[in-house]
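# A closer look at the structure
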Amino acid sequence: MVELVVAALTAGASAGLTETASSAVRDAYAGLREAVRRRLARRSEDDALVLAAHEAEPGVWEARLARVAARADDLRQAGELAAQAAAVARAHRGGPPRHRLARPGRGS
């Protein structure tokens, strides 16, 4: 579950850096990012700062965000985050191929 959330955050942040990102991708990503930010901020401000850094440089901060997210119990147990991550993935499937989110068990 955490892997799906981190992958969706990375895909959304990467797509958000392009001009071709659709409003569906931006909206789905914004909802997921805010839900994760609230949960991480409850743990610590430093964890929330990792998310902000990840948004600016997704490739650089992805591994660190994955470690932070794996430690956050409420991220692992939040079914709504899985639904929001799936919404980002669905929105990405309609985007340019280089920004598509890989599905588990399949290549990108």
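Residues numbered from 1 in each chain as written. Predicted model: local features only at pLDDT ≥ 70, side-chain atom pairs only at ≥ 80, totals over all residues. Heavy atoms only, no water.

### Re the confidence of the model for the protein chain
For the protein chain, the mean per-residue pLDDT works out to 75, and 72% of the residues sit at or above 70. Segment residues 95–108: pLDDT under 50, and 17 contacts once partners within four positions in sequence are set aside and those in other chains are kept. (pLDDT = per-residue confidence, 0-100. Contact = heavy atoms within 4.5 Å.)

### With respect to the packing of helix H3 (residues 45–56) against helix H4 (residues 58–71)
Relative orientation of the contacting elements H3 and H4 amounts to 150°, with a least axis distance of 8 Å. Taken together, the axis directions place H3 and H4 in an arrangement best described as roughly antiparallel. Between H3 and H4 the crossing geometry is left-handed. Two secondary-structure elements touch here, H3 through Asp47, Val50, Leu51, Ala53, His54, Glu55 and Ala56 and H4 through Pro58, Trp61, Glu62, Arg64, Leu65, Val68 and Arg71. (Axes fitted to C-alpha atoms, helices over the stretch in contact; angles between N-to-C directions. Helix = DSSP H or I, 4+ residues; strand = E, 2+ residues; numbered from the N terminus. Parallel < 35°, antiparallel > 145°, perpendicular 65-115°, else oblique. Left-handed = near helix turned anticlockwise from the far one by under 90°.)

### Overview of the pattern of salt bridges
Applying the stated criterion across every chain, the model contains five salt bridges. Glu34 is the partner of Arg38 in a salt bridge, and the nearest nitrogen-oxygen pair spans 3.9 Å. With Arg38 and Glu34 both in helix H2 (residues 23–43), this residue pair falls four residues apart, about one helical turn. When its relative accessible area of 40% is taken as the criterion, Arg38 is described as partly exposed. On the basis of relative accessibility, which here comes to 29%, the residue Glu34 falls in the partly exposed class. Across the pair Asp47 and Arg43 runs a salt bridge whose closest N-O atoms are separated by 2.9 Å. For Asp47, a relative accessible area of 6% puts it in the buried group. Under the relative-accessibility criterion, Arg43 is labelled partly exposed at 40%. Salt bridges linked by common partners bring Glu34, Arg37 and Arg38 together as one network. (Salt bridge = Lys/Arg side-chain N within 4 Å of Asp/Glu carboxyl O. Buried < 20%, exposed > 50% of the residue type's maximum accessible area, 1.4 Å probe, protein only.)

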